[in-house]
Amino acid sequence: MAFMEKPPAGKVLLDDTVPLTAAIEASQSLQSHTIVRRYSDFDLLNNSLQIAGLSLPLPPKKLIGNMDREFIAERQKGLQNYLNVITTNHILSNCELVKKFLDPNNYSANYTEIALQQVSMFFRSEPKWEVVEPLKDIGWRIRKKYFLMKIKNQPKERLVLSWADLGPDKYLSDKDFQCLIKLLPSCLHPYIYRVTFATANESSALLIRMFNEKGTLKDLIYKAKPKDPFLKKYCNPKKIQGLELQQIKTYGRQILEVLKFLHDKGFPYGHLHASNVMLDGDTCRLLDLENSLLGLPSFYRSYFSQFRKINTLESVDVHCFGHLLYEMTYGRPPDSVPVDSFPPAPSMAVVAVLESTLSCEACKNGMPTISRLLQMPLFSDVLLTTSEKPQFKIPTKLKEALRIAKECIEKRLIEEQKQIHQHRRLTRAQSHHGSEEERKKRKILARKKSKRSALENSEEHSAKYSNSNNSGSGASSPLTSPSSPTPPSTSAALGLSKRCKERDICITSTSSTSTTTTTSSSPASCEHRGTCAALVSGCEWHEPRGLAQLHPEFPKRNFEESQNL
């Protein structure tokens, strides 16, 4: 399907790996997405999450005095901290219980019932299969369900049926999608777990594989039972212990070989993590090749979507391999990504690979290629002994469809990374401008700007009246007003201006069209204004204290003659 083609009706556009955050606010400050939860709802969620074995900081219940303002404010902080702990835990934040609690509008459906309906329709056309029991919550995906199966004429053999809905990255046409799903049982590779049966319709896919009692690589690392729920197996392991160095080298080399094989074939993957690697003796076999065809988001998408240099499916697989290698080495996932410093490892060669995939520099500058990882000292000396020849024939037409779908998946990833980057910048800017230190800086700058503006206005007025004075002093005789008495001599006016220093003076200039009033206390400007008053007609002096008080020896005659000036 082309990128601009309308998606099919069964395609789910919601990406379940998008992390959710929650903030408890007063009911007056409503946001676009608002939910109302009582304390009893939090208590019910907490009881449901006890299967994870984690100690979650839910505030205790209080029967008396639970309506006091101080208590409500304290409980609000406690519930906010409780939600922060849940949403920052990668496994808990992706589980169905938390998604339904924080986003009930998008996660209200009963996916187990939907899966049973689809499986029942499948059994009508394939009567040789029979369901033994549902394997409830053994995986992390909300829209992917598992059932333990058996063949009627072989009752002792156990198989696993997996049903999955379409995801937001499904860009194949329905015809190409169904052809590629049915092609998966023909894929033979020593490091790919074989598919026994596969079929698909316009909205979902159904695959059957042999059930492995030993479980996955993650079950080996965490010493877990394969049939247990995902939260119980991996949230809080009883013993944290990594694998032996030789196991790390061998398993890592096998996984890199199969990734290189798929990319050489043009088959997109992007779903590498320890639960998608099945253990068969000392051999690792890759699971869930159908995920990329279904358009499902990766388990680590919330990590690599933060880094704009991880923008191809090969770089995604390399980054996910770094997560897997860290888990094999230390027996637990990294606390945060990028990783600033790595704990002591069995070999410095392991740290070198981890630094090339999980360090700050690697996430900022980009991932190495799969071929480059195979050449690193940790894997280059590993000898693989296998007699099985890889086989996976993909028709040319389907290869072209896979190439277009791969480009569309990468394009959506780039757009999402761009939006996250812009949102992060906006959040940083808002946080910076809202800080107390920044507010003080803005106040100081505003005061300085106000003072500077006042000073510039004062200088502008001084220059204006200075120019007016210079233009008037060049006349042959002073200008007089016909209705006013004869003005005193220029020297008398200058003397008046000198005696007006350090005084507040109001000059009112009148004309036939406009009136302008200016008040100033600048000593320099007073001198110019005195000269201007002596030379320009239509100007009047207004002195509230009287000119006689300016100087005790001022001549009385000059005072009487200059009363109207």
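Residues numbered from 1 in each chain as written. Predicted model: local features only at pLDDT ≥ 70, side-chain atom pairs only at ≥ 80, totals over all residues. Heavy atoms only, no water.

(A) Broad picture of the state of the cysteines. Scanning the entire structure with this criterion turns up zero disulfides. Between C360, a free cysteine, and C363, which holds the nearest cysteine sulfur, the sulfur-to-sulfur gap is 7.0 Å. (Disulfide = S-S within 2.5 Å.)

(B) Structural view of the pattern of salt bridges. Tallied over the entire structure, the rule returns 22 salt bridges. Residues R403 and E407 are paired through a salt bridge, measuring 2.6 Å at the closest nitrogen-oxygen approach. Within this pair, R403 and its partner E407 are both found in helix α17 (residues 396-433), separated by four residues, close to a single helical turn. A relative accessible area of 38% places R403 in the partly exposed class. Bridged by salt links that share partners, the residues K144, R209, D288 and E290 form one connected network. (Salt bridge = Lys/Arg side-chain N within 4 Å of Asp/Glu carboxyl O. Helix = DSSP H or I, 4+ residues; strand = E, 2+ residues; numbered from the N terminus. Buried < 20%, exposed > 50% of the residue type's maximum accessible area, 1.4 Å probe, protein only.)

(C) Spatial organisation of the confidence of the model for the chain. Per-residue confidence for the chain gives a mean pLDDT of 80, with 76% of residues at or over 70. In the predicted structure, residues 1-7 sits below a pLDDT of 50 and forms eleven contacts with residues beyond four places in sequence or in another chain. In this model, residues 473-556 is a region of pLDDT below 50 whose contacts with residues beyond four sequence positions or in other chains number 81 contacts. (pLDDT = per-residue confidence, 0-100. Contact = heavy atoms within 4.5 Å.)

(D) Region of interest: the packing of helix α12 (residues 313-330) against helix α13 (residues 348-358). Interaxial distance between α12 and α13 falls to 8 Å at its minimum, and their mutual angle equals 140°. As summarised for this structure, α12 and α13 are arranged oblique, according to the angle between their axes. When the axes of α12 and α13 are compared, the crossing they make is left-handed. Where α12 approaches α13, its residues V318, H319, F321, G322, H323, L325, Y326, T329 and Y330 are matched on the opposing element by V350, V353, L354, T357 and L358. Taken together, the residues of the contact of α12 with α13 break down into nine nonpolar, five polar and no charged. (Axes fitted to C-alpha atoms, helices over the stretch in contact; angles between N-to-C directions. Parallel < 35°, antiparallel > 145°, perpendicular 65-115°, else oblique. Left-handed = near helix turned anticlockwise from the far one by under 90°. Nonpolar A, V, L, I, M, F, W, Y, C, P; charged D, E, K, R; others polar.)

(E) Focus on the packing of helix α9 (residues 245-264) against α12. Two elements in contact, α9 and α12, have axes whose closest approach is 11 Å; the angle formed by their N-to-C orientations is 165°. Overall, the two elements α9 and α12 adopt an arrangement that is roughly antiparallel. In the packing of α9 onto α12, the handedness of the crossing is right-handed. In this structure, α9 contributes I248, Y251, G252, I255, L256, L259 and H263 to the contact, and α12 contributes L313, E314, D317, F321, L324, L325, M328 and T329. In terms of residue class, the contact of α9 with α12 is made up of ten nonpolar, three polar and two charged.

(F) Main features of unusual backbone geometry. Here V337 and P338 are connected by a cis peptide whose omega angle stands at 5°. Mapped onto the secondary structure, P338 falls in the loop between α12 and α13. A positive phi is found at D137, a non-glycine position, where the angle reads about 60°. Relative to the helices and strands, D137 is located in the loop between β1 (129-135) and β2 (144-151). For D288, which is not a glycine, the phi torsion comes out positive at approximately 60°. You can call D288 buried: its relative accessible area is 7%.

(G) Structural detail: the nonpolar core. Counting 106 residues, the largest nonpolar core has L49 and L272 as its most contacted members. When residues of this core are assigned to their parent elements, the largest contribution, ten residues, is made by α12. A domain split of this core shows at least three residues from each of domain 1 (12-106) and domain 2 (109-422). Leave out the neighbours within four places in its chain, and L272 touches I255, L259, V277, L286, Y300, D317, C320, F321 and L324. Formed by 13 residues, the second largest nonpolar core is a distinct cluster that contains V119, F122, M149 and I208. (Core = buried A, V, L, I, M, F, W, Y, C linked by side-chain atoms within 4.5 Å. Domains from an automatic or database assignment.)

(H) Quick look at the sheet that holds strand β4 (residues 197-200). The five strands lie next to each other as β1-β2-β3-β5-β4, forming an open sheet whose pairing is antiparallel. Looking at strand neighbours, the two that pair on one side only are β1 and β4, the edges of this open sheet. For this sheet, the mean inter-axis angle between neighbouring strands, taken without regard to orientation, is 25°. Bridge count between β4 and strand β5 (residues 204-210): four bridges; the pairing is antiparallel. Considered in β5, the bridge of A200 is made with A205. (Pairing = 2+ DSSP bridges.)

(I) Looking closely at the side chain of Q254. Note that Q254 resides in helix α9. A distance of 2.8 Å separates the side chain of Q254 from the backbone nitrogen of C284, its partner in a polar contact. Excluding anything up to four places from it in sequence, Q254 contacts Y191, D282, T283, C284 and L384. (Polar contact = N/O pair within 3.5 Å; in protein donor to acceptor, adjacent residues only side chain to side chain.)

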